[in-house]
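Architecture at a glance
Below are the chains, spelled out letter by letter.
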Amino acid sequence: MNYVVLIFLATTFAYLLAASTLSPRANYAEMQPRPSEEQIDARLDELNLNDKTPLAERYAHWITDVATGDFGKGVTGSSINEEMGRRVGVSLRLIFFGTIIGATSGVLIGAYGAVRQYRLFDRTSTGAAFFVLSVPAVVIAISLQVIAVAINEATGVQIFQYAGEYTTGLDAGFWGHLGNRIQHAILPTLALAIGQFAAFSRYQRNMMLDVIGSDFVRTAMAKGLTRRKALFKHALRTALIPTVTYFTFVFGIMLAGTTFTEKIYGWKGMGSWVIDSIVTNDVNAVAAVSCFMAVCVMAASFFSDILYAWLDPRVRVS
Amino acid sequence: MSMSAERAVIETESGHEGGDDEVRIPGRWSSVLRTTLRQRRVIAGIAVLVLLMLAAWVGPLFAQWGFEERDYANFLQPPSPEHWFGTDNTGRDIYILTMVGLQKSIIIGLLVAVITTVVAAVVGAFAGYFLGPTDKAMMWVTDLALVLPSFLILAILYPAIRGSGWLIFVLLLAAFMWMITAKMIRGMTISLKEREYVLAARYMGVPAWKIIFRHIIPNMSSLLIVDATINVSTAIIAETSLSYFGFGVQPPDVSLGSLIALGARQAVTHPWTFVFCTGLLIILVLAVNLIGEGLRDALDPQSKSRRA
């Protein structure tokens, strides 16, 4: 119940803020020929965006629709619900692979780094993770673009594509389309994966170091288990519990906001919608995005707690 | 006499105090300072940060071009003896822009970190000390602020604050960075308020606000220092991200973030417009993070990063 109230308040706050700050009317000022004031008012009334209507009235209209699951129409007149469905799909495709690759590589490298503590591998991987965490996501994405251009120019082949999710108007059959999508997905996926690798490798290394010195690992080795078996069968399994819950949380949060990666690589997902909706003064879209983000944060928090309790018997008992 | 006493006086056999037999026990902060300065990464971080600050504030004095000056004969020129970091598409000297931008980024980072830490300390300590309705209300606000998409809210508010200068931007950034620290401080306060010295103060009739500011917050100073340090880099990165989309520092002001945003559009064809400001930003954040990690190791006995 607490979660529902928080989501409601967050969405309401975002709507009221957007409705009182953004100006959908300004979108018509640039039109040639410019519509008459009556036409603009009629159009804005139809979209429930008319600033001449009291804010309380607009909010009441909007919240009534939202209660029935309808987020209204965008400034172009298209359905927000349909647009959201489309964009969530785009974000999911991008995040799924980026997070899986980043988290898996991070966990493996972090765990191995902990086992080889203070050796060259550990120092190198820890240093790399520390460095990546100091680089803004924006810079990672742009740097990858620059590197990709250099590689494309050096090879004379368009190995990497870095604008959009696919090439529009491509006539290449199923495999051609698939290959084209993969070409477009490499860089943004890598940009996400690099950031995730850094976070997960540090997290997993710390978790693993906590567990390696535990009594149950020593006991396992004392009972005759090889170091490798004790570390992987006992230590890693235990150290993975908080990491799995952290992954759940991160995945939910990322679904709400891969803004930089999506915008830089021209993917029309939820993240880029954040910017687009503000630039186009799309109040209803802003409110919908806010609601979606609030739901993602809450769901991520809720499911990570549930998962932690399910995986860790100590939490279950307590 | 408390453990943190600056010196312990040991009585000699003859019953006299002091003399040559006086033993000095180092205070908490002097021992913390020693532990901190033993950390190589802290030394490295401080050294780099000092160099960057010198570059930011002293560097412009050596610039051959003024901040507002334009070289109309040299648009988008690569680095040269005349323009050390090259020029941008309006003929402005990138070296002077980068140094001024570095100044602004450092100031923004420090200000946001201080404001964030102060707000978090006050909210967390009051919530944890009073509990009950005060705690409920404060934690509700905290949870709500956590759920609100900060980037989105900052971007929506941007048109309203566009002409207000960068200080308003600093306050807005800080408004969305205090919540997690506040929750941590609340948890620590709940345990600290049961300590003997707090109970003693309470029984002596010391007002609650005085107990919070005199006893509870100072006893969390190590956490707050570490947190403030880490918040510096978080703020710098947040400013960069917002500036990239045009929601950050606005002309005529520049920051490393706004310079990266300008340079990014030409990064492929004219890399010098992007490389210098980006390089300095990464070095700045790295230096701050090194200090933060080192401080955590020195101040937090439970720190996992001490093994890093």
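Each remark here, short or long, concerns the structure printed above.
Residues numbered from 1 in each chain as written. Chains lettered and ligands numbered in written order. Predicted model: local features only at pLDDT ≥ 70, side-chain atom pairs only at ≥ 80, totals over all residues. Heavy atoms only, no water.

Okay, the overall build of chain A next. Within chain A one finds 13 helices and zero strands. Of the regular secondary structure in chain A, the N- to C-terminal order runs α-α-α-α-α-α-α-α-α-α-α-α-α. Across its three principal directions, the C-alpha atoms of chain A cover 85 × 60 × 35 Å. A buried classification covers 48% of the 318 residues belonging to chain A. Long-range contacts, defined here as pairs at least 24 residues apart, represent 71% of the contacts in chain A between residues at least 6 apart. Summed over all atoms, the accessible surface of chain A reaches about 15,600 Å², with 65% contributed by carbon and sulfur. Seen as two clouds, the 26 positive and the 23 negative side-chain charges of chain A have centres 20 Å apart. (Helix = DSSP H or I, 4+ residues; strand = E, 2+ residues; numbered from the N terminus. Buried < 20%, exposed > 50% of the residue type's maximum accessible area, 1.4 Å probe, protein only. Contact = heavy atoms within 4.5 Å. Areas by Shrake-Rupley, 256 points an atom, 1.4 Å probe, with all protein chains shown as cover. Lys, Arg positive; Asp, Glu negative; His and termini not counted. Charge placed at Lys NZ, Arg CZ, Asp CG, Glu CD.)

This part covers the packing of aromatic side chains. How two aromatic rings sit relative to each other is set out by the distance from centre to centre and by the angle between their planes. This model, assessed by the stated rule, comprises 19 aromatic pairs over all chains. Measuring from ring centre to ring centre gives 5.3 Å for Y129 of chain B and F130 of chain B, while their planes differ by 85°; the resulting arrangement is edge-to-face. By relative accessible area, F130 of chain B is classed as partly exposed at 39%. An aromatic cluster of at least three residues, connected via ring pairs, comprises F200, Y203, Y246, F247 and F251 of chain A. Sitting over the ring of F67 of chain B, R92 of chain B keeps its end group 5.0 Å from the ring centre. Taking NZ or CZ as reference, K193 of chain B lies 5.9 Å from the ring centre of Y129 of chain B, over its face. (Phe/Tyr/Trp six-rings, centres within 6.5 Å; stacked < 30°, edge-to-face > 60°. Lys NZ or Arg CZ within 6 Å of the ring centre and 35° of its normal.)

Right, let's talk about helix 8 (residues 196–203) of chain B for a bit. All names here are of chain B. Those residues of helix 8 lying buried are V198, L199 and A201. Down the axis of helix 8, the buried side of the element spans an arc of 160°, and every buried residue falls inside it. Of the exposed residues in helix 8, the ones pointing more than 90 degrees away from its buried face are E196 and Y203. The inward-facing, buried residues of helix 8 abut helix 3 (94–130), helix 7 (179–192) and helix 9 (208–216). At the C-terminal side of helix 8, G205 shows a positive phi close to 85°. (Arc of directions from axis to C-beta.)

Next up on the list: helix 12 (residues 272–299) of chain B. When the terminal C-alpha atoms of helix 12 of chain B are compared, their 40 Å separation across 28 residues agrees well with the 40 Å that a helix rising 1.5 Å per residue should span. Counting buried residues along helix 12 of chain B, 22 of its 28 residues qualify, which places the element largely inside the surrounding structure. (Expected span 1.5 Å × (residues − 1).)

For the rest of this paragraph, the subject is unusual backbone geometry. The phi torsion of most residues other than glycine is negative, and most of the peptide bonds are trans. Residues and elements named next belong to chain A. Positive phi is not limited to glycine here, since N48 has a value of about 60°. Locating N48 in the fold gives a position in the loop between helix 2 (37–46) and helix 3 (55–67). By relative accessible area, which is 12% here, N48 ends up buried. One non-glycine residue, N281, lies in positive phi territory at about 55°. In this fold, N281 is placed in the loop between helix 11 (270–279) and helix 12 (283–311).

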